[in-house]
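Residue-level structural notes
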Amino acid sequence: AYHVAAPGRWLDAGSMVHLPTWLHTLWPMGTESLFALLLPVGGVEACKPLVALMAGLSALGTVALGAALGSRAAGLVAATLLLVRMDAPSLGTTSVEGPLTLFVVLGALALARASQAAEGPDRRRWILLATLFAGFACCTKLNGLACAAFLAAGAAFAIKAPLEARIVSAGAVLAGAVCL
């Protein structure tokens with residue numbers, strides 16, 4: 001798969017050169033850049049635990065999200081379903097779905113915390129953190145842009161504030177995510 005082959009070719013070239021025969025390398029390559037750091041250490045096998053780690057962190061984040069929304073039990077069920085849906089054998093691959101899921105879940109968790117925070121700096125910090133995770137989602141996979149849009153919509157509904165403040169929150173999340 002190009003997820004590790006492209007970083008391998010970049011390492012061989014000495015820089016991130018254009019790979020004209022690999023259209024996918026023109027898309028977000030954030031996780032692949034992490035793979036480029038791991039490839040010299042232990043080849044493809046060194047990259048696989050990163051994906052499994054991010055999937056596991058996604059499950060933990062899902063439990064925390066469930067607890068933040070009022071039901072730790074629902075979070076546990078959702079985390080279990082998440083791992084089942086990710087398919088255990090694919091956790092030992094170099095797929096980027098685990099990292100994308102992690103950033104979306106953490107963005108949603110930050111928005112849940114923002115909705116519970118009092119108006120002011122604490123709420124802004126949570127929204128900023130959601131923006132950061134939405135940006136990481138955009139850097140992970142092309143459909144991370146859609147995930148960022150959903151997180152932006154979540155920002156508009158996560159806070160109890162006048163409509164203008166909700167629109168500004170949503171715009172800030174989306175603009176910040178895309179700019180990352």
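Residue positions within a chain follow its written sequence, with the count starting from 1. It should be noted that, the model being predicted, local features are given only for residues of pLDDT at least 70 and side-chain atom pairs only at 80 or more, the latter also being counted only at that level, while totals for whole chains, interfaces and linings use all residues. Hydrogen atoms and water are omitted, and side-chain values are computed over all heavy atoms in the structure.

Overview of the environment of Lys160
- Counting from the N terminus, the helices are the DSSP runs of H or I reaching at least four residues and the strands are the DSSP runs of E reaching at least two. Position of Lys160 relative to the elements: it lies in the loop between α7 (144-158) and α8 (163-179).
- Each residue is placed in one exposure class: buried if its accessible area under a 1.4 Å probe, protein chains only, is under 20% of its type's maximum, exposed if it is over 50%, and partly exposed if it falls in between. Among the residues examined, Lys160 registers a relative accessible area of 70% and is labelled exposed.
- Along the primary structure Lys160 and Leu82 are separated by 78 residues, whereas in three dimensions their C-alpha atoms are 29 Å apart.

Let's talk about helix α4 (residues 72-86)
- Take the number of residues in a helix, subtract one, and multiply by 1.5 Å to get its expected span. End to end, α4 covers 21 Å across 15 residues, agreeing with the expected 21 Å (1.5 Å per residue, within 8%).
- Throughout, a residue-residue contact means that at least one pair of heavy atoms, one from each residue, lies within 4.5 Å. Contacts from the buried residues of α4 go to α3 (44-68) and α5 (97-116).
- Two residues or fewer past α4, Asp87 is found with a positive phi of approximately 65 degrees.

Some points on the nonpolar core
- Grouped together as the largest cluster of nonpolar side chains are 15 residues, with contacts concentrated most on Leu111, Ala134, Leu151 and Val173.
- At the level of secondary structure, the elements contributing two or more residues to this core comprise α5, α6 (121-140), α7 and α8.
- Element by element, the count of residues in this core is highest for α7, at six residues.
- Only buried residues count toward a nonpolar core. Its members are Ala, Val, Leu, Ile, Met, Phe, Trp, Tyr and Cys residues joined through side-chain atoms within 4.5 Å. Counting residues in hydrophobic clusters, the runner-up holds 13 residues, among them Val4, Phe35, Leu50 and Met54.

Let's talk about the packing of α6 against α7
- Interhelical geometry of α6 versus α7 gives an angle of 160 degrees and a closest axis separation of 7 Å. Comparing their axes, α7 and α6 come out roughly antiparallel. The interaxial crossing formed by α6 with α7 has right-handed handedness. Contacts between α6 and α7 involve Ala134, Ala137 and Cys138 from the former and Gly144, Leu145, Ala148 and Leu151 from the latter.
- Gly falls in the polar group here, along with every residue not listed as nonpolar (Ala, Val, Leu, Ile, Met, Phe, Trp, Tyr, Cys, Pro) or charged (Asp, Glu, Lys, Arg). In terms of residue class, the contact of α6 with α7 is built from six nonpolar, one polar and no charged. As a rule, the C-alpha atoms of each element are fitted with a line to give its axis, helices using only the stretch in contact, and angles between N-to-C directions run from 0 to 180 degrees. Orientation labels follow simple angle bins: below 35 degrees gives roughly parallel, above 145 gives roughly antiparallel, 65 to 115 gives roughly perpendicular, and whatever is left gives oblique. Crossing chirality is assigned from the near helix's rotation relative to the far helix, an anticlockwise turn below a right angle marking it left-handed and a clockwise turn marking it right-handed.

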